[in-house]
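Architecture at a glance
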2 protein chains.
Amino acid sequence: MKYPKGTVNICNNTKNNTVFSNRGMSLEKDINSTNKYYSDNSIAFIYKKPTPIKILEFDRKTVTIKKAVFEAPSTTDYNGLYRGRYIDFEAKETDSKEGFPLINIHKHQINHIRNIVKCGGIAFLIIRLNSYSKTFVLEGNVFIDYIDNNLCKYVPVELFNNKGHEIMEKYAPRLDYLKIIDKIYGGILDE
Amino acid sequence: MKYPKGTVNICNNTKNNTVFSNRGMSLEKDINSTNKYYSDNSIAFIYKKPTPIKILEFDRKTVTIKKAVFEAPSTTDYNGLYRGRYIDFEAKETDSKEGFPLINIHKHQINHIRNIVKCGGIAFLIIRLNSYSKTFVLEGNVFIDYIDNNLCKYVPVELFNNKGHEIMEKYAPRLDYLKIIDKIYGGILDE
């Protein structure tokens, strides 16, 4: 899947709406369809958590939310079960050529990944670098090691190339990231 | 903690508001404070999922939801990580004297519990029977076995007494349900 390069303001773009309006959502769609494939085939049960909201006005008569705002998530977007183990990941895509901008992930989400790694869960990131048309799994411990030891605003492209695991796209499942998880964590998954 | 017996309409009760307004939420509060104790002490990382909503009107300028309704959850309320394993449960309280009314749990939630049990996850219910001031862990497979083999509208009190595991309340953590999980699943947790 190839996207035009460069930064595009998705909201204000009306010209090539079909292409650009899909950009921010394409990784999420690919992961959701992959997760559906996994659950339909009883391979894994991994779901996206709903975005938390803060309700400001609620009408009890009609059981309708009249006003609400989004809240910053305190954990990652996806979690679930695979081969008896706890799986937890955040998925992001970026147009940046430098790598994955850390401004795109909240501090408490980083802390959550740190906790999951520390306590024996399988935590990772799925990052799509649109400028390179590549999607990577980056292990939670590699990610944490990097940001703990570098003053940086990005996880650089080099880290993905050297220590990431590229997910090759295919028809079904679209983005078979559990194949990578098998490769990395095979040992503990067999316990 | 003792509650007055009998069925009470929570919404319309204004007389003893302090007591009654806490009833529907007390189990949730107890579990949330227990989960906070677990994460503060790096024992487990278990969170309540936000209730899914369907946004009907959204103001992009102010990034505010103007109209939304709740959607039926397709999975259980709580999931997370404990000793490397995937933990998943639904928590409900009831005033019924007969047991836990199955009308209180959605079919797709039952199906989700079935899937988690089948694929090696640790799935269970935490049920508080207000009429008896008791809170039980009921293992997912015991729950599924019962509803598959009985035409019933309730999980009867007898099943909780015979095959459930009562959680004794204490100060901190308020509702130490992982102690029960250790007892039931200790074998696989040590793998």
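Residues numbered from 1 in each chain as written. Chains lettered and ligands numbered in written order. Predicted model: local features only at pLDDT ≥ 70, side-chain atom pairs only at ≥ 80, totals over all residues. Heavy atoms only, no water.

Formed by 50 residues in total, the largest nonpolar core has its most connected members in F143 of chain A together with F143 of chain B. Those residues within four positions of F143 of chain A in sequence are excluded, and the remaining contacts are L102, I105, I110, I113, L125, L138 and V155 of chain A. (Core = buried A, V, L, I, M, F, W, Y, C linked by side-chain atoms within 4.5 Å. Buried < 20%, exposed > 50% of the residue type's maximum accessible area, 1.4 Å probe, protein only. Contact = heavy atoms within 4.5 Å.)

What follows covers the interface of chain A and chain B. Chain A puts 35 residues into the contact, and the matching count from chain B is 35 residues. Of the roughly 2,900 Å² buried where chain A meets chain B, counting both sides, 67% is carbon and sulfur surface. Joining chain A to chain B, the criterion identifies 0 salt bridges. Counting across the chain A and chain B interface gives 3 residue pairs in polar contact (both at pLDDT 80 or more). Within the residue set of the side of chain A that touches chain B, elements represented by two or more residues are β1 (44–48), β2 (53–59), β3 (64–70), β4 (78–82), β5 (85–94) and α3 (107–118) of chain A. The element best represented in the side of chain A that touches chain B is β3 of chain A, accounting for 7 residues. Across 2 bridges, β3 of chain A lies against strand β3 (residues 64–70) of chain B in antiparallel orientation. When the sheet's bridge partners are listed, A68 of chain A is paired in β3 of chain B with I65 of chain B. (Buried area = accessible area lost by both parts, 1.4 Å probe. Salt bridge = Lys/Arg side-chain N within 4 Å of Asp/Glu carboxyl O. Polar contact = N/O pair within 3.5 Å; in protein donor to acceptor, adjacent residues only side chain to side chain. Helix = DSSP H or I, 4+ residues; strand = E, 2+ residues; numbered from the N terminus. Pairing = 2+ DSSP bridges.)

Another point: empty space enclosed by the protein. Considering all chains together, one arrives at 2 cavities of 30 Å³ or more under this definition. Around the second largest cavity sit Y47, K48, K49 and N79 of chain A together with K49 and N79 of chain B, which together line it. Among the residues making up the lining of the second largest cavity, the classes are represented as 1 nonpolar, 2 polar and 3 charged. (1 Å grid on protein atoms, 1.4 Å probe; cavity = no way out; pocket = protein on both sides within 12 Å on 5 of 7 lines; lining within 4 Å. Points joined across faces, edges and corners; volume = space filled by probe spheres on them. Nonpolar A, V, L, I, M, F, W, Y, C, P; charged D, E, K, R; others polar.)

A few words now on the sheet that holds β3 of chain A. Strands sit in the order β2(A)-β3(A)-β3(B)-β2(B) across an open sheet of 4 strands; the sheet is antiparallel. This sheet does not close on itself; its edge strands, each paired only once, are β2 of chain A together with β2 (53–59) of chain B. On average, each strand axis in the sheet is tilted by 30° relative to the strand beside it, whichever way the strands run. Note that β2 of chain A and β3 of chain A share 6 bridges and pair antiparallel. Residue pairing for β3 of chain A: I55 of chain A is matched across the bridge by A68 of chain A. (Axes fitted to C-alpha atoms, helices over the stretch in contact; angles between N-to-C directions.)

Attention now goes to helix α3 (residues 107–118) of chain B. Every α-helix carries 3.6 residues per turn, so stepping three or four residues along brings you back to the same face. Helix length check: α3 of chain B (12 residues) gives 17 Å between terminal C-alpha atoms against 16 Å at 1.5 Å per residue, within 8%. Positive phi appears at G120 of chain B, one or two residues downstream of α3 of chain B, with a value of about 85°. (Expected span 1.5 Å × (residues − 1).)

This part takes up the relation of the copies chain A and chain B. Note on the copies: chain A fits chain B at an RMSD of 0.0 Å, the axial shift is 0.0 Å, and the rotation between them is 180°. Both copies of the chain, as the preceding transformation shows, are related through a two-fold rotation axis. A shared interface surface links the copies, since 100% of the contact residues of chain A are contact residues in chain B too. (Least-squares fit on C-alpha atoms with pLDDT ≥ 70 in both.)

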